[in-house]
Amino acid sequence: SPAPRAPVVLGSRWPVLALQAAFLVSFVTCNDAPPVPGDQLHIDRSWVPETCSRQVKEGDFVRYHYHGTFPDGTKFDSSYDRGSTYNVFVGKGQIIAGMDKALIGMCINERRFVKIPPSLAYGSEGVADVIPPDAILHFDVLLLDIWNPSDSVHVETYHKPENCSRTVQVSDFIRYHYNGTLMDGTLFDSSHNRMRTYDTYVGIGWLIPGMDTGLLGMCVGEKRIITVPPFLGYGEDGDGKDIPSQASLVFDVVLLDLHNPKDGITVQSHYVPENCERRTQVGDYIRYHYNGSLLDGTLFDSSYSRNHTYDTYIGKGYVIAGMDEGLLGLCIGEERRVIIPPHLGYGEEGRGKIPGSAVLVFDIYVIDFHNPADSVSITSLFKPSDCTLLSKKGDYLKYHYNATLMDGTVLDSTHQYGKTYNIVLGSGQVVIGMDIGLQDMCVGEKRTVVVPPHLGYGEPGV
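Residues numbered from 1 in each chain as written. Predicted model: local features only at pLDDT ≥ 70, side-chain atom pairs only at ≥ 80, totals over all residues. Heavy atoms only, no water.

Comments concerning the overall build of the protein chain
Piece 1. What the protein chain contains, in helices and strands, is 8 helices and 24 strands.
Piece 2. Computed over C-alpha atoms, the radius of gyration of the protein chain comes to 41 Å, more than 25% over the 23 Å expected from 2.2 N^0.38 for 462 residues, which places it beyond the range of a compact globule.
Piece 3. Over its C-alpha atoms, taken along the principal directions, the protein chain stretches across nearly 150 × 40 × 30 Å.
Piece 4. For the protein chain, buried positions account for 41% of its 462 residues.
Piece 5. The long-range fraction of contacts in the protein chain, counting pairs at least 24 apart against all pairs at least 6 apart in sequence, stands at 70%.
Piece 6. When the 38 basic and 55 acidic side-chain charges of the protein chain are each reduced to a single mean position, those positions are 4 Å apart. (Helix = DSSP H or I, 4+ residues; strand = E, 2+ residues; numbered from the N terminus. Rg over C-alpha atoms; globule rule 2.2 N^0.38 Å. Buried < 20%, exposed > 50% of the residue type's maximum accessible area, 1.4 Å probe, protein only. Contact = heavy atoms within 4.5 Å. Lys, Arg positive; Asp, Glu negative; His and termini not counted. Charge placed at Lys NZ, Arg CZ, Asp CG, Glu CD.)

If you want it as structure tokens, here you go:
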């Protein structure tokens, strides 16, 4: 817009004939142009948004679009034609007095029709070749942005999970989705459209200052609106593409993941059996079921869906480092949750359905474990008082048994057939573990015999 001019004050002593002539001209031409409204500013609020969290006040900086016309509809200026909003401080004399007043009280996206008299515009001087003397100016104004130099980042949380054991701190690494808009709702960027989270460190300058501040204190699963004034965003330069100069930014954020490079694994025991004679240790071979999910609950894998346990050695690098550690100290039948930071999981690259830099959550149920050095475990449950004749290699044995897996799953029972199982001990008619477990028994004795896989059916099973 042209530079502001001082308002014109009309003289108070006009010749009577001049006043009459002016009145006559005004009366004759009233059908062609509206009369000059004196010093009165006329504002028509043609559209006001339903919600208005903030109104323009003196000292605010605003961005707005406008059409400027004379009363007959002739256009003299338009910000739309230049493809850029008009940006200015309000109430500081940087624009004509009428516009300084007309912008007060406006809401974002409000539209006003403003009629400004010459005394609040360019007065009797006008602007050469643009605004004639004593011109009434009409402006069609649309407000797009408000901020104040005293503003800080504004955070509004509209969803917070019930359980929040940890919040974002300086130096944390996070993964989040967002929609980024200007104050008028214009979308300038969205991670959802790219179908990929935004992954970054917080509080160490990887983000604009407003986001570095606005993301602090968030929980995984939390949703918040972060409003960033331009001096904490992209300032006078904008981003050179979609964010204009001096634009406030609004980010609608949902936090999906949170960890710190210093994190170790987190172990949460959900169920531990009362009787636990032995716990897993380095070198053991374990069979377990699991559900694997991301921190936001997204399931990426499950052994249950394959109807097959995951079988592996512990502490030998057969699984990711976090699982090698998280599977130690377990009992058979124990249920445990293991939370693994990405540097102990699949790192920055991820794998398959696991995105880069993702924290992993494994809910584990232990079915079985043993050590390759294990021998047969024998527990005598009952021994007759007369137990002098003991079984040995080459003896013919008749015995009953119930066979189960370590988690109690029933495999077989001679009782259901109503007859004994008959073998020659040590002749290879049973697995090696049973040949060992049946030695030195007397008739009538009852035992529990635990046979490790390498003395049973090995890796193939049966």
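That was the structure; now back to the text.
Comments concerning the UniProt feature "domain: PPIase FKBP-type" (unreviewed entry) in the protein chain
Piece 1. Under the UniProt annotation, the feature "domain: PPIase FKBP-type" (unreviewed entry) is placed at residues 59-147, 171-259, 283-370 and 394-462.
Piece 2. With 11% helix and 38% strand, the stretch residues 59-147 has end C-alpha atoms that lie 9 Å from each other.
Piece 3. Within residues 283-370, the helical portion is 11% and the strand portion 40%, while the C-alpha atoms at the span's ends are 9 Å from each other. (UniProt positions renumbered as here; feature names shortened; annotations may be inferred.)

What to know about the state of the cysteines
Piece 1. Counted according to the given criterion, the structure contains 4 disulfides.
Piece 2. The disulfide that involves C276 links it to C331, with 1.9 Å between the sulfurs. Its torsion about the S-S bond being -100°, the disulfide of C276 and C331 is classed as left-handed. Remark: C331 occurs in the loop between α7 (321-326) and β17 (335-340) and C276 occurs in the loop between β13 (266-271) and β14 (285-294); sequence separation between them is 55 residues.
Piece 3. Classification of C331 by relative accessible area gives buried; the value is 0%.
Piece 4. For the protein chain, numbering the cysteines in disulfides from first to last along the sequence yields the connectivity 1-2, 3-4, 5-6, 7-8. (Disulfide = S-S within 2.5 Å.)

Observations regarding a nonpolar patch on the surface
Piece 1. Among the surface-exposed residues, V170, I204, W206 and L216 lie close enough to one another that they form a single nonpolar patch of about 380 Å² accessible area.
Piece 2. Note on placement: I204 falls in the loop between β10 (198-201) and α5 (209-214).
Piece 3. By relative accessible area, which is 44% here, I204 ends up partly exposed. (Patch = residues over 30% accessible without salt bridge, like charges linked within 9 Å, V, L, I, M, F, W, Y side chains within 5 Å. Areas by Shrake-Rupley, 256 points an atom, 1.4 Å probe, with all protein chains shown as cover. Salt bridge = Lys/Arg side-chain N within 4 Å of Asp/Glu carboxyl O.)

Some words on the pattern of salt bridges
Piece 1. Taken as a whole, this structure holds 23 salt bridges when the rule is applied.
Piece 2. The salt bridge partner of E110 is R45, with a shortest N-O separation of 2.6 Å. Pair noted here: E110 is in the loop between α3 (97-102) and β5 (111-116) and R45 is in strand β1 (residues 42-47), with a separation of 65 residues, a long-range link.
Piece 3. A salt bridge links E222 to R224, with the nearest nitrogen and oxygen atoms 3.0 Å apart.
Piece 4. Residue classification places E222 among the buried residues on the basis of a relative accessible area of 1%.

A word on the nonpolar core
Piece 1. Ranked by size, the top nonpolar core spans 29 residues in total, and within it Y64, M99, L103, L137, F139 and V141 carry the most contacts.
Piece 2. For this core, the secondary structure elements donating two or more residues are β2 (61-69), β4 (86-89), α3, β5 and β6 (137-147).
Piece 3. Of the residues forming this core, the biggest block, 5 residues, is contributed by β6.
Piece 4. If sequence neighbours within four positions are ignored, L137 has contacts with T69, F70, F76, I96, V114, K115, I116, A121, Y122 and I131. (Core = buried A, V, L, I, M, F, W, Y, C linked by side-chain atoms within 4.5 Å.)

Side note on the confidence of the model for the protein chain
Piece 1. When pLDDT is averaged along the protein chain, the result is 91, and 92% of the positions lie at 70 or above.
Piece 2. Confidence drops under a pLDDT of 50 for residues 1-36, and excluding neighbours within four residues, the segment shows 29 contacts in the predicted structure. (pLDDT = per-residue confidence, 0-100.)

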